[in-house]
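Understanding the architecture of this molecule
The residues making up each chain are set out below.
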Amino acid sequence: MARPSVWLARVRRVDVWLPKVVVAPSFAASLFFVYGFIAWTVYISFTGSRMMPNYDLAGLAQYERLWNTPRWFVALENLFIFGVLFMVICLVIGIVLAILLDQRIRAEGVLRTIYLYPMALSFIVTGTAWKWILNPTLGLEKLMHDIGFTSFEFAWLVDRDMAIYTVVIAGVWQSSGYVMALFLAGLRSIDDEIIKAAAIEGAGPWRTYVGIVLPMLRPVFLSAFIVLAHLAIKSFDLVVALTAGGPGIATDLPATFMYSYAFQRSELGLAAASAVMMLITIMAIIVPYLYSELRSERK
Amino acid sequence: MRRRQTHGIVRPKSASNTFLRWLLFSILGLFALYYLMPMIVMVITALKPLDEIRTGTLLSLPQAPTLEPTFRAWGSACVGVRCAGLSPYVLNSVMMVVPAVAISTMLGAINGYALTKWRFRGADLIFGLMLFGAFIPFQVVLLPMARTLGVLGLAGSVWGLVLVHTVYGLAFTTLFFRNFFVGVSDGIVQAAKVDGAGFFGIFFRVVLPMSLPAIVVTVIWQFTQIWNDFLFGIAFTVGDSNPVTVALNNLVASSTGVKEYNVDMAAAIIAAVPTLIVYIFAGKYFVRGLAAGAVKG
């Protein structure tokens, strides 16, 4: 270079806009594929679209239809049952396992690996396995009969009232190890001195955990709750693989409801309205959380 | 246990201590069995001939172990009307996952770098807006995406899925690299600038080589997510272009003829093997992705 200072200045000028140019495609993609698409879906939910999108506004007609559809209530009720049980059981198992594993266990690494591996697998794979285990005639029931419990009955999978609980069983199996990992990391971050101090004060193990350790893990509870709620609302694969929404529509969730109306029944407007309801629910949980996270990060 | 240890739940008193240790191990062992059971059942069922499945039970070991169901699941089982096993769909998944992971990781890396080391006005806002994409329920983008893929001529193709996974993976990859680069000292970048290195020079020669751990985590996480995806696969592909998860579901759900549970289980194992291998050999990085995913969910 003959005149390095000029060259350097040019490089610097390039470097002012280059970062923006580099981020631009991703940003544009997210504006289009996230915000643009959400806007489209919201708009369609206010139209009378059925088979094909129809851009004439029809007010809240689709929402009225949605809330007059008995199947939507089945889906909501199921989401409530599934969501509450799934979150509570995952939290309980996760916390108990984390505390037990925290006792300086020799095989900790192996156990942790075993508890967490379901998270690495697809719901479709594990749903297939669970469907086989819960099979009313060949699975668990036959196993118990052969062991000698001939009166053992287990037909939840094909029972309208009980099928949703089989989804809970498989869902908990899949996600409780994750909660365990979150809490274990939380426990490890607590200063040993605090626990020692509690022991010197004469607090028993139960009081140490319930009175001192768990309250310190509030942030972990919060993020576990957010993740589990998010997983529950989005649950789709698990239901499809395990029960396909059946028997009948007994295990429908909002996610399977939306898919069915969008792609099988060609009710675009109604499907869009149900998707918007899902979005609103998730945002009600996520936005305050994200906001507080980003704020605390800035401090 | 040594007396000094106050960290445990049990305060050291030898007799009750031994008992409690046993209790502890039994509980942990029972849970381990609970988590392992589906995998054990899958493997032993896949190794049994069909008549042994009818006569035996879930947990009875195969009397005459056979790989025949596995070969059928791989090469000749019928998915819909096509009887070529899962192998063509495994190929679809590979063709989808490789470009989608590569592109979303590369873009995430350069975004994270630009957003942290070349902070410009609005960088935080842009990041915040992009991050939101990681939290939406995908049901809200299914319909417009289906139409967009149709317009682009990508409907029902593996390339359509590559686009979808790249786009919706960006929020996470950007988040992950941004968090990583925030922890990298600005001094290194400043020094390189003084030496006359430009935006890309610093990226390729300084920043990228030191972000290898972040790349590994992102690749593993994206690979697992995309390989395991079912929703986009079932919504945007048809028949021959199905990824392996969708094909597996079709195979298992098909109701024609005798139900071959052993072939179903072997097929499930085939679909699980890639992510399982990744988990076993790079579990540490997978867990780190999970930790970052605590924000992603």
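The shown structure was predicted, so the numbers you read here are calculated from the model rather than taken from an experiment.

Before going further, it helps to spend a moment on helix H5 (residues 123-131) of chain B. Those residues of H5(B) that fall on the buried side of the exposure criterion are Ala123(B), Ile126(B), Phe127(B), Met130(B) and Leu131(B). Taken down its axis, H5(B) places every buried residue within 130° of arc, on the same side.

Turning to the pattern of salt bridges, a few remarks are in order. The final tally for this structure, using the stated rule, is ten salt bridges over all chains. Salt-bridge contacts for Glu260(B) lead to Arg72(B); the nearest nitrogen and oxygen are separated by 2.8 Å. Taken as a pair, Glu260(B) in the loop between helix H12 (244-253) and helix H13 (261-296) and Arg72(B) in helix H3 (residues 68-75) lie far apart in primary sequence, 188 residues in all. Sharing partners across several salt bridges, the network here consists of Asp102(A), Glu108(A), Arg112(A) and Arg188(A).

Here the distance between the centres and the angle between the planes together describe a pair of aromatic rings. All chains considered together, the criterion is met by 39 aromatic pairs over all chains. Considering the side-chain rings of Tyr35(A) and Phe132(B), the 5.8 Å spacing of their centres and the 20° angle between planes classify their relative orientation as stacked. Here Phe132(B) lies in the loop between H5 and helix H6 (139-152) and Tyr35(A) lies in helix H1 (residues 4-45), a pairing that spans two chains. Here Phe180(B) and Phe181(B) contribute two aromatic rings whose centre-to-centre distance is 5.6 Å and whose plane-to-plane angle is 70°, an arrangement assigned as edge-to-face. Under the relative-accessibility criterion, Phe180(B) is labelled partly exposed at 24%.

Quick look at the interface of chain A and chain B now. Where interface size is quoted, it is often the accessible area lost as the parts come together. Listed as interface residues are 101 residues of chain A and, on the opposing side, 96 residues of chain B. A buried area of about 9,000 Å², summed over both sides, lies between chain A and chain B, and 75% of it is on carbon and sulfur atoms. For the pair chain A and chain B, the number of links is zero salt bridges. Our enumeration of links across chain A and chain B arrives at 19 residue pairs in polar contact (both at pLDDT 80 or more). Counting residues per element, the side of chain A that touches chain B draws most heavily on H1(A), which supplies 21 residues.

Below, the discussion takes up the layout of surface pockets. The space that makes up the second largest pocket amounts to roughly 410 Å³. Along the walls of the second largest pocket sit 19 residues, with Arg112(A), Leu116(A), Ala181(A), Val287(B) and Arg288(B) positioned nearest its centre. Those elements giving two or more residues to the lining of the second largest pocket turn out to be helix H4 (108-116) and helix H7 (163-188) of chain A together with H13 of chain B. Among the elements that line the lining of the second largest pocket, the one with the most residues is H13(B), at eight residues. Of the residues belonging to the lining of the second largest pocket, the class tally is 13 nonpolar, two polar and four charged.

A separate point is the confidence of the model for chain B. If pLDDT is low for a region, its predicted coordinates should not be looked at in detail. Residue and element names in this part refer to chain B. Looking at chain B, the pLDDT average stands at 86 and 92% of residues meet or exceed 70. Per-element mean pLDDT across chain B ranges from 81 in helix H2 (residues 50-55) up to 94 in helix H4 (residues 87-117). The low-confidence segment residues 1-6, where pLDDT is below 50, has nine contacts with residues more than four positions distant or belonging to other chains. Confidence estimates for the predicted assembly give a pTM of 0.89 and an ipTM of 0.87.

This part covers the side chain of Ser235(A). Mapped onto the elements of the fold, Ser235(A) is located in the loop between helix H10 (218-234) and helix H11 (237-242). Owing to a relative accessible area of 9%, Ser235(A) belongs among the buried residues under this scheme.

All right, on to unusual backbone geometry then. Residue and element names in this part refer to chain A. For Ser 266, which is not glycine, the phi dihedral falls at a positive 50°. Relative to the helices and strands, Ser 266 is located in the loop between helix H12 (254-264) and helix H13 (268-298). Since its relative accessible area comes to 23%, Ser 266 is described here as partly exposed.

Okay, the state of the cysteines next. Residue and element names in this part refer to chain B. Tallying each qualifying case throughout the model produces one disulfide over all chains. A disulfide bridge connects Cys 78 with Cys 83, and the sulfur atoms are separated by 1.8 Å. On the S-S bond that ties Cys 78 to Cys 83, the torsion sits near 100°, and the link is right-handed. For Cys 83, a relative accessible area of 42% gives the class partly exposed.

This brings us to the nonpolar core. Counting residues in each nonpolar core, the largest one holds 201 residues, and the members touching the most others are Tyr115(A), Ile136(B) and Tyr168(B). Considering every element that reaches this core, the biggest residue donor is H13(B), with 16 residues. Setting aside its immediate chain neighbours within four residues, Ile136(B) contacts Val34(A), Ile38(A), Lys234(A), Leu279(A), Val141(B) and Tyr168(B).

Residues and elements named next belong to chain A. Contact pair helix H5 (residues 123-133) / H7: the axes reach a minimum separation of 10 Å and the direction vectors enclose 130°. Compared by their axis directions, H5 and H7 come out oblique. The way H5 lies across H7 gives a crossing that is right-handed. Contacts between H5 and H7 involve Phe 123, Thr 126 and Trp 130 from the first element and Ile 169, Ala 170, Trp 173 and Gln 174 from the second.

A contiguous nonpolar surface patch, about 500 Å² in accessible area, is contributed by Phe80(A), Val84(A), Val88(A), Ile89(A), Val92(A) and Val96(A). Among the secondary structure elements, Val84(A) is positioned in helix H3 (residues 70-101).

Attention now moves to the packing of H5(A) against H12(B). Following both chains from N to C, one finds H5(A) and H12(B) inclined at 20°, their axes separated by 9 Å at the closest point. Between H5(A) and H12(B), the interaxial angle falls into the category roughly parallel. The two elements H5(A) and H12(B) meet at a crossing, and its hand is left-handed. Residues Ile124(A), Val125(A), Thr128(A) and Lys131(A) of H5(A) touch H12(B), and the partners they reach there are Thr245(B), Leu248(B), Asn249(B) and Val252(B). Split into classes, the residues belonging to the contact of H5(A) with H12(B) amount to four nonpolar, three polar and one charged.

Our next topic: the confidence of the model for chain A. Averaged over all residues, the pLDDT of chain A equals 85, while 95% of them reach at least 70. Here helix H6 (residues 140-147) of chain A stands out as the least confident element of chain A, with mean pLDDT 76; H3(A) is the most confident, with 93.

The rules we used
Residues numbered from 1 in each chain as written. Chains lettered and ligands numbered in written order. Predicted model: local features only at pLDDT ≥ 70, side-chain atom pairs only at ≥ 80, totals over all residues. Heavy atoms only, no water. Buried < 20%, exposed > 50% of the residue type's maximum accessible area, 1.4 Å probe, protein only. Helix = DSSP H or I, 4+ residues; strand = E, 2+ residues; numbered from the N terminus. Arc of directions from axis to C-beta. Salt bridge = Lys/Arg side-chain N within 4 Å of Asp/Glu carboxyl O. Phe/Tyr/Trp six-rings, centres within 6.5 Å; stacked < 30°, edge-to-face > 60°. Contact = heavy atoms within 4.5 Å. Buried area = accessible area lost by both parts, 1.4 Å probe. Polar contact = N/O pair within 3.5 Å; in protein donor to acceptor, adjacent residues only side chain to side chain. 1 Å grid on protein atoms, 1.4 Å probe; cavity = no way out; pocket = protein on both sides within 12 Å on 5 of 7 lines; lining within 4 Å. Points joined across faces, edges and corners; volume = space filled by probe spheres on them. Nonpolar A, V, L, I, M, F, W, Y, C, P; charged D, E, K, R; others polar. pLDDT = per-residue confidence, 0-100. Disulfide = S-S within 2.5 Å. Core = buried A, V, L, I, M, F, W, Y, C linked by side-chain atoms within 4.5 Å. Axes fitted to C-alpha atoms, helices over the stretch in contact; angles between N-to-C directions. Parallel < 35°, antiparallel > 145°, perpendicular 65-115°, else oblique. Left-handed = near helix turned anticlockwise from the far one by under 90°. Patch = residues over 30% accessible without salt bridge, like charges linked within 9 Å, V, L, I, M, F, W, Y side chains within 5 Å. Areas by Shrake-Rupley, 256 points an atom, 1.4 Å probe, with all protein chains shown as cover.

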